Amino acid sequence: MKLLSIAIPCYNSEAYMRHCIDTLLPGGDEVEILIVDDGSTKDHTAQIADEYEAKYPGICRAIHQENGGHGEAVNAGLRAATGIYFKVVDSDDWVNEEAYAQVLQTLREFVMGKQTLDMLITNFVYEKQGAKHKRVMQYKTALPKRQLCGWNDVKVFMLGQYILMHSVIYRTEMLRECGLELPKHTFYVDNLFVFQPLPYVKTFYYLDVNFYRYFIGRSDQSVNEQVMIGRIDQQIRVTRLMLDSYEKAKITSFKLRHYMVRYLEIMMTICSILAIKSGSDENMEKKKQLWQDLRKTDLPLFMRLRWGFLGQSMNLPGKSGRTVSIAGYKISQKFFGFN
């Protein structure tokens with residue numbers, strides 16, 4: 001059994017996947033690197049995956065499948081994983097070698113000890129192309145450092161400070177126990193990947209190292225704003241799945257419930273602002289329907305999200321209201337550094 005399984009979803013990733021894989025190889029025999037070729041046809045992604053499997057047997061494994069999208073590639077990695085812990089690293093991202101060694105040492109200590117760790121959290125760095133200052137997402141204000149914690153130990157998450165796929169390593173069996181299966185042919189499933197397992201997390205540990213490097217800058221990248229507007233249906237689908245997951249979860253911790261509601265608030269805001277910025281009547285109708293459906297299924301949650309600051313700012317009436325919403329969003333973009 002491996003200590004850590006790392007899934008790398010790859011789709012026509014020839015230009016950058018080698019760098020990603022090479023930064024993971026220092027993990028050695030304790031790590032398995034699952035290179036998931038998601039039906040690549042335009043380049044040599046499949047051949048590169050096979051090349052690494054042949055060169056590093058027992059460490060790298062090539063998984064080939066018909067194209068199913070990012071979520072199905074993560075699903076394939078999770079199905080194949082033999083590691084005690086599971087991590088996703090996108091093929092255009094990479095990790096810091098020094099922090100990587102500390103991550104493995106921390107996981108090793110828990111596996112050898114008597115306490116069970118469900119979730120390891122680390123910092124990640126926005127490697128935004130052309131940006132002089134590299135923004136670091138860290139959790140010092142929200143989580144105790146280097147100690148095993150539960151949700152009652154959480155302090156304060158600041159606005160814009162969220163646990164994302166880049167910052168988590170989950171216990172593999174816990175992911176399977178919570179029934180996690182991401183939808184096919186859908187982008188933005190990384191939010192669901194992080195969100196759905198949270199009620200199953202009983203223990204976590206914050207390792208304050210800048211481990212994951214999250215690249216932003218390709219014009220075709222899923223987080224490019226125009227690309228996101230074109231895929232608004234997928235953003236709404238993921239948001240609906242997260243709302244459904246929250247509704248079904250038996251959440252006993254007040255602090256966890258508060259955190260998950262704040263996360264849903266951001267998801268509803270993103271869907272709303274994308275609809276507004278699209279300038280499309282059809283997308284505005286989808287936005288309206290999303291809010292109406294939430295009102296029908298969970299009125300208390302609707303009231304919390306709709307009449308909170310962000311909910312009100314995304315639902316201002318008329319053309320002038322939409323202009324104000326966009327202006328507020330742009331200020332938030334600049335302040336928090338997101339796309």
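This text goes with the structure placed above it.
Because the structure is predicted, anything quoted here is derived from the model rather than measured. Counting starts from 1 at the beginning of each chain's written sequence and moves along it residue by residue. Selection of residues for local features in this predicted model requires a pLDDT of at least 70, selection of side-chain atom pairs for listing and counting requires 80 or more, and totals for whole chains, interfaces and linings are taken over all residues. Note that water and hydrogens are dropped before the side-chain values are worked out from all heavy atoms of the structure.

Enquirer: Please give an account of the packing of helix α9 (residues 254-278) against helix α10 (residues 281-297) that cites residues and values.
Expert: Direction vectors running N to C along α9 and α10 enclose 155°, while the axes themselves pass 8 Å from each other. Classed by the angle they form, the pair α9 and α10 counts as roughly antiparallel. The handedness of the crossing between α9 and α10 comes out as left-handed. Contacts from Met268, Cys271, Ser272, Ala275, Ile276 and Ser278 in α9 reach Asn283, Met284, Lys287, Leu290, Trp291 and Leu294 in α10. Counted by class, the contact of α9 with α10 contains eight nonpolar, three polar and one charged residues. To obtain each axis, a line is fitted to C-alpha atoms, and for helices this fit is confined to the stretch in contact; angles are then taken between N-to-C directions over 0 to 180 degrees. Numbering goes from the N terminus for both helices and strands, where a helix is a DSSP run of H or I of at least four residues and a strand is a run of E of at least two. Between 65 and 115 degrees an angle is taken as roughly perpendicular, under 35 as roughly parallel, over 145 as roughly antiparallel, and anywhere else as oblique. In a left-handed crossing the near helix is turned counterclockwise from the far helix by less than a right angle, and in a right-handed crossing that turn is clockwise. Whether two residues are in contact is decided by their heavy atoms: any pair within 4.5 Å suffices. Residue polarity is assigned by list, with Asp, Glu, Lys and Arg as charged and Ala, Val, Leu, Ile, Met, Phe, Trp, Tyr, Cys and Pro as nonpolar; anything else, Gly included, falls into the polar class.

Enquirer: Can you break down the side chain of Asp43 residue by residue, with the values?
Expert: Looking at the secondary structure, you find Asp43 in the loop between β2 (31-38) and α2 (45-55). In this scheme, a residue with accessible area under 20% of its type's maximum is buried, one over 50% is exposed, and one in between is partly exposed, where area comes from a 1.4 Å probe on protein chains only. Two residue types count as positive, namely Lys and Arg, and two as negative, namely Asp and Glu; His and chain ends fall outside the count. Put simply, a salt bridge is a Lys or Arg side-chain nitrogen that is within 4 Å of an Asp or Glu carboxyl oxygen. Nearest to the buried, unbridged Asp43 among oppositely charged side chains is Lys42, at 9.5 Å. Between N or O atoms, a polar contact is any pair within 3.5 Å; within protein, one atom must be a potential hydrogen donor and the other a potential acceptor, and residues adjacent in sequence are included only when both atoms are from side chains. A distance of 2.8 Å separates polar atoms of two side chains, one belonging to Asp43 and the other to Thr45. Not counting the four nearest positions on each side in its chain, Asp43 is found in contact with Asn12, Ser13 and Glu14.

Enquirer: Explain the environment of Arg135 residue by residue, including any values.
Expert: Here Arg135 lies in the loop between β6 (119-128) and β7 (136-137). Along the chain, Arg135 and Val125 lie 10 residues apart, while their C-alpha atoms are 5.9 Å from each other.

Enquirer: Could you give an account of the pattern of salt bridges, naming the residues involved and the relevant values?
Expert: Taken as a whole, this structure holds 15 salt bridges when the rule is applied. In this structure, Glu127 engages Lys134 in a salt bridge whose closest nitrogen and oxygen atoms are separated by 3.4 Å. When its relative accessible area of 11% is taken as the criterion, Glu127 is described as buried. Between Glu265 and Arg262 there is a salt bridge, with its nearest N and O atoms 3.7 Å apart. Residue Glu265 and its partner Arg262 are located together in helix α9, separated by three residues, close to a single helical turn. Comparing Glu265 with Arg262, the two get one shared label, buried. Counted as one network, the salt bridges with shared partners bring together Glu127, Lys134 and Arg213.

Enquirer: Please set out the pairing of strand β9 (residues 168-171) residue by residue, giving values where relevant.
Expert: One bridge is not enough; two strands pair if DSSP finds at least two bridges between them. The pairing of strand β4 (residues 85-88) with β9 spans two bridges and is classified as antiparallel. Across the sheet, residue Phe86 finds its bridge partner in β9, namely Tyr170. Inspection of the sheet shows β6 paired to β9 by three bridges, in the antiparallel sense. Along β9, the bridge assignment pairs Met119 with Tyr170.

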